[in-house]
Amino acid sequence: GLYATEKMITRKEAIQKAEAYRQQFNLDAEGYQSTVWFSSGLGSSHFAHLIRNTAFANADTLAANETGSWHWNIRWFKPLEKEEFTISINSHGILSRISHPIPESQEGSNLSTEDAQKIAEVFLAEHFDRDVTNTARYSLLEDRSQKRENRMDHTFVWERTDIKVADGEFRVQVNIQGDQIGRASTYYKAPEEFLRKLRERGIKSSITSTLSIIAVII
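Residues numbered from 1 in each chain as written. Predicted model: local features only at pLDDT ≥ 70, side-chain atom pairs only at ≥ 80, totals over all residues. Heavy atoms only, no water.

## Here's the deal with the pattern of salt bridges
Move 1: Under the definition given, this model contains 16 salt bridges.
Move 2: When the shortest N-O distance is used, the salt bridge between R171 and E169 registers 2.6 Å. Of the two residues, R171 and E169, neither departs from the other in class, the shared state being buried.
Move 3: The closest approach of N and O atoms between R196 and E193, which form a salt bridge, is 2.5 Å. Placement of the pair is R196 and E193 together in helix α6 (residues 192-217), with a separation of 3 residues, close to one helical turn.
Move 4: A relative accessible area of 40% places E193 in the partly exposed class.
Move 5: Sharing partners across several salt bridges, the network here consists of E66, R130, R137, R160 and D162. (Salt bridge = Lys/Arg side-chain N within 4 Å of Asp/Glu carboxyl O. Buried < 20%, exposed > 50% of the residue type's maximum accessible area, 1.4 Å probe, protein only. Helix = DSSP H or I, 4+ residues; strand = E, 2+ residues; numbered from the N terminus.)

Okay, structure coming up:
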């Protein structure tokens, strides 16, 4: 698997890389506070679906290559303000997520769906090394537009069609705020039926444990 062969990027290295991306995206951090944390999706219900439907080593590699299964996250923010930005760096030391929410009332462009989709496609090709225009690999699952007070926002979701694990989906999502990137990420989506059954088993297990504890106390 990936973790047995690859040198892990350090916290310091991740911060340096995130700073470089921040400057590249012209995100001004003047007056902002910052925080850093580590996160991993390897304990999620979605990853459990991967494990149950393919060998662990393969699931590990797929998660690392297609979703960035763990990240260093660097967040810049101002207390009580809506606008902030978070840049996540994966185990390869490259950008794996970006989030830059802005106030819903903030002015921006009123792009057509086609123009906004082009911005999303170019961003993914340049910064995520994903050509979602390649119909042999990707299929557009969703394109939504939402009218804000002073702009139009758009959301696009693509599915990786050439890599399938049971009914799970490797997805790429981009949110456009006016003509700016609001969020871009990759993730694995387990089937809803699997997630529902897992939740039910978790609830039943919790009830059983609670009853056992009560019995012991009595």
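## A word on helix α5 (residues 113-127)
Move 1: Over its 15 residues, α5 extends 21 Å from the first C-alpha to the last, a length consistent with the 21 Å expected when each residue adds 1.5 Å.
Move 2: When we look at burial in α5, the residues that qualify are A116, Q117, A120, E121, F123, L124 and H127. Take α5 and look down its axis: the buried residues cluster within an arc of 165°, on one side only. In α5, the exposed residues that point more than 90 degrees away from the buried face are E114, K118 and E126.
Move 3: Residues of α5 that are buried sit in contact with α2 (11-24), β4 (95-99), β5 (138-147), β6 (152-160), β7 (169-177) and β8 (180-189).
Move 4: Of the residues one or two after α5, D129 is the one with positive phi, at around 55°. (Expected span 1.5 Å × (residues − 1). Arc of directions from axis to C-beta. Contact = heavy atoms within 4.5 Å.)

## Here's the deal with the packing of aromatic side chains
Move 1: Scanning the entire structure with this criterion turns up 9 aromatic pairs.
Move 2: Grouping aromatic residues by their ring pairs yields a cluster made of Y21, F25, F123 and F128.
Move 3: Of note, R75 hangs over the ring of F77, and the distance from its end group to the ring centre comes to 4.2 Å. (Phe/Tyr/Trp six-rings, centres within 6.5 Å; stacked < 30°, edge-to-face > 60°. Lys NZ or Arg CZ within 6 Å of the ring centre and 35° of its normal.)

## Concerning the packing of helix α3 (residues 45-53) against helix α4 (residues 56-66)
Move 1: Running from amino to carboxyl end, α3 crosses α4 at an angle of 135°, the nearest separation of the two axes being 8 Å. Classified by the angle between their axes, α3 and α4 sit oblique to one another. Where α3 crosses over α4, the two elements pack in a sense that is right-handed. Residues F47, L50 and I51 of α3 pack against F56, A59, D60, L62 and A63 of α4.
Move 2: Along the lines of polarity and charge, the residues of the contact of α3 with α4 split into 7 nonpolar, no polar and 1 charged. (Axes fitted to C-alpha atoms, helices over the stretch in contact; angles between N-to-C directions. Parallel < 35°, antiparallel > 145°, perpendicular 65-115°, else oblique. Left-handed = near helix turned anticlockwise from the far one by under 90°. Nonpolar A, V, L, I, M, F, W, Y, C, P; charged D, E, K, R; others polar.)

## Topic: α3
Move 1: Within α3, the full set of buried residues consists of F47, H49 and L50. For α3, the angular spread of buried residues about the axis comes to 150°, placing them on one side.

## Concerning unusual backbone geometry
Move 1: Within the chain, L80 stands out as a residue other than glycine whose phi angle is a positive 70°.
Move 2: Along the polypeptide, L80 turns up in the loop between β2 (70-77) and β3 (85-90).
Move 3: Positive phi, normally seen in glycine, also occurs at A166, with a value near 50°.
Move 4: Its location among the elements puts A166 in the loop between β6 and β7.
Move 5: On the accessibility criterion, A166 (43% relative accessible area) is partly exposed.

## Side note on the environment of N175
Move 1: By the element assignment, N175 lies in strand β7.
Move 2: The buried category is assigned to N175, whose relative accessible area is 18%.
Move 3: Taking the C-alpha atoms as reference points, N175 and S145, separated by 30 residues in sequence, lie 9.7 Å from one another.
Move 4: Ignoring anything within four residues of it in the chain, the contact list for N175 reads H154, T155, Q180, I181, G182 and R183.

## Structural notes on the confidence of the model for the protein
Move 1: Taken over all residues, the pLDDT of the protein has a mean of 88, while the share at 70 or more is 89%.
Move 2: By mean pLDDT, the top-scoring element of the protein is β6 (98), and the lowest-scoring one is helix α1 (residues 2-5) (40).
Move 3: In the predicted structure, residues 1-5 sits below a pLDDT of 50 and forms 13 contacts with residues beyond four places in sequence or in another chain.
Move 4: Predicted confidence for residues 204-218 stays below pLDDT 50, and this span has 0 contacts to residues more than four positions away or in other chains. (pLDDT = per-residue confidence, 0-100.)

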